[in-house]
Amino acid sequence: QVQLVESGGGLVQAGGSLRLSCAASGRTFSSSYMGWFRQAPGKEREFVGAIRWSWSTTWYADTVKGRFTISRDNAKNTVYLQMNSLKPEDTAVYYCAAKLRIGPVAQPYEYDYWGQGTQVTVSS
């Protein structure tokens, strides 16, 4: 079984920064992808970005490109989402997810395991 635990959410003013963490346990992730998604009230879950665990290849949604950065720490089995220049429209519950199969990274149904989510609120 795989467990993903997010942390680091909170309340921040527009223009500020937050770093989310996703600690993974339960299996090795050398062949996996880790993704970040977000879901605002009344909206569908939205792709934010992803990283190929072993190669550090990253992908980002256009809405966050240049502002958000995904990285990982192999020794800690942890993936990070550094969020800068935050905007009120970034307000959402942020989820990390693990995907074991090679393929597209932007669709929620491609992912096998999910964390519980962490709230990010950006005030104007």
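Parameters at a glance
- Residues numbered from 1 in each chain as written.
- Predicted model: local features only at pLDDT ≥ 70, side-chain atom pairs only at ≥ 80, totals over all residues.
- Heavy atoms only, no water.
- Core = buried A, V, L, I, M, F, W, Y, C linked by side-chain atoms within 4.5 Å.
- Buried < 20%, exposed > 50% of the residue type's maximum accessible area, 1.4 Å probe, protein only.
- Helix = DSSP H or I, 4+ residues; strand = E, 2+ residues; numbered from the N terminus.
- Contact = heavy atoms within 4.5 Å.
- Pairing = 2+ DSSP bridges.
- Axes fitted to C-alpha atoms, helices over the stretch in contact; angles between N-to-C directions.
- Salt bridge = Lys/Arg side-chain N within 4 Å of Asp/Glu carboxyl O.

As for the nonpolar core
Now for step 1: Ranked by size, the top nonpolar core spans 33 residues in total, and within it L4, M34, W36, F68, L81, M83 and Y94 carry the most contacts.
Now for step 2: Of all elements in the fold, only β3 (18-25), β4 (33-39), β5 (46-52), β7 (68-73), β8 (78-83), β9 (92-99) and β11 (118-123) reach the threshold of two or more residues within this core.
Now for step 3: Residue contributions to this core peak at 5 residues, all from β9.
Now for step 4: With sequence-adjacent residues up to four places away left out, Y94 is seen in contact with E6, L20, F37, R38, V48, F68, L81, M83, G117, T118 and V120.

Examining the pairing of β8
Now for step 1: Among the 6 residues that make up β8, 5 are buried, leaving the element largely enclosed by the rest of the structure.
Now for step 2: Summarising the sheet, β3 and β8 pair through 6 bridges and their orientation is antiparallel. Within β8, the residue paired with A23 across the bridge is T78.
Now for step 3: Pairing of β7 with β8, which is carried by 6 bridges, proceeds in the antiparallel orientation.

Overview of the side chain of R67
Now for step 1: With respect to the secondary-structure elements, R67 resides in the loop between β6 (58-60) and β7.
Now for step 2: The exposure class of R67 is buried, given its relative accessible area of 11%.
Now for step 3: Ignoring anything within four residues of it in the chain, the contact list for R67 reads Q82, M83, N84, S85, L86, K87 and D90.

Considerations on the sheet that holds β8
The strands making up a sheet associate through backbone hydrogen bonding, with each pair oriented either parallel or antiparallel.
Now for step 1: Overall, antiparallel pairing links the 4 strands, which are arranged β1-β3-β8-β7 in an open sheet. The strands lining the two open edges of the sheet, one partner per strand, are β1 (3-7) and β7. Averaged over all pairs of adjacent strands, the angle between their axes in this sheet comes to 15°, without regard to strand direction.

Focus: the pattern of salt bridges
Now for step 1: Evaluation of the coordinates by the stated rule reveals 6 salt bridges.
Now for step 2: Between D62 and K65 there is a salt bridge whose closest N-O contact spans 3.2 Å. For the pair D62 and K65, a shared accessibility class is recorded, and that class is exposed.
Now for step 3: Two residues, R67 and D90, come together in a salt bridge whose shortest N-O distance is 2.8 Å. With a gap of 23 residues between them, R67 in the loop between β6 and β7 and D90 in the loop between β8 and β9 connect regions that are remote in the sequence. Both residues of the pair, R67 and D90, belong to the buried class.
Now for step 4: Through salt bridges with shared partners, a single network forms among R38, E46, R67 and D90.

Looking at the pairing of β11
Now for step 1: Every second residue of β11 is oriented toward a common face, the buried set being T118, V120 and V122 and the non-buried set Q119, T121 and S123.
Now for step 2: Sheet topology places strand β2 (residues 10-13) next to β11; 4 bridges connect them, and they run parallel. Pairing of Q13 across the sheet is with S123, part of β11.
Now for step 3: Where β9 meets β11, 3 bridges bridge the pair, whose relative direction is antiparallel. Across the sheet, Y94 pairs through a bridge with T118, a residue of β11.

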